[in-house]
Amino acid sequence: MRLNVGKKADALYLRLDNSRIVEAEEVSLGIVLDHNDANEVVGVEMHNLSKRSSKIDLMDLQFESN
């Protein structure tokens, strides 16, 4: 699993695995799900982060696991 945060692009991309992406679907304005050939979600892309919340700090990412 990889997380890519683009400060300049104002976007976040979460890649769940390395399978080949065959389809991308915009499920909401600026939210894109990438699917593999088994129709599983393998990536999540979020555009315009700074416009979604004034509290988002791209330099302060934390990983939590329960």
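Look above for the structure.
Quick caveat, the model's predicted, so the values are computed rather than measured.

### With respect to the overall build of the chain
Within the chain, the secondary structure is distributed over one helix and five strands. For the chain, the spread of C-alpha atoms along the principal axes amounts to about 35 × 30 × 20 Å. Looking at the 66 residues of the chain, the share that counts as buried comes to 24%. When contacts within the chain are restricted to residue pairs at least 6 apart in sequence, those whose partners lie at least 24 apart make up 31%. A total accessible area of about 5,300 Å² is found for the chain, and carbon and sulfur atoms account for 49% of it. If the 8 positive side-chain charges of the chain are averaged to one point and the 12 negative ones to another, these points end up 8 Å apart.

### Structural notes on the environment of Arg52
For Arg52, the position within the fold is in helix H1 (residues 49–52). In this structure, the C-alpha to C-alpha distance between Arg52 and Gly30, residues 22 residues apart in sequence, is 10.0 Å. Apart from residues no more than four positions distant in its own chain, Arg52 is found in contact with Leu29, Gly30, Ile31, Met46 and His47.

### Concerning the pairing of strand S2 (residues 11–15)
The alternating pattern of S2 places Ala11, Tyr13 and Arg15 on a buried face and Leu12 and Leu14 on a face that is not buried. Alignment of strand S1 (residues 2–6) against S2, held across five bridges, turns out to be antiparallel. Among the inter-strand pairings, Gly6 is bridged to a residue of S2, identified as Ala11. The antiparallel hairpin formed by S1 and S2 contains four residues in its connecting segment, where Asp10 sits at a positive phi of about 55°. Pairing of S2 with strand S5 (residues 41–47), which is carried by five bridges, proceeds in the antiparallel orientation. The partner of Leu14 across the bridge, within S5, is Val44.

Parameters and conventions
- Residues numbered from 1 in each chain as written.
- Predicted model: local features only at pLDDT ≥ 70, side-chain atom pairs only at ≥ 80, totals over all residues.
- Heavy atoms only, no water.
- Helix = DSSP H or I, 4+ residues; strand = E, 2+ residues; numbered from the N terminus.
- Buried < 20%, exposed > 50% of the residue type's maximum accessible area, 1.4 Å probe, protein only.
- Contact = heavy atoms within 4.5 Å.
- Areas by Shrake-Rupley, 256 points an atom, 1.4 Å probe, with all protein chains shown as cover.
- Lys, Arg positive; Asp, Glu negative; His and termini not counted.
- Charge placed at Lys NZ, Arg CZ, Asp CG, Glu CD.
- Pairing = 2+ DSSP bridges.

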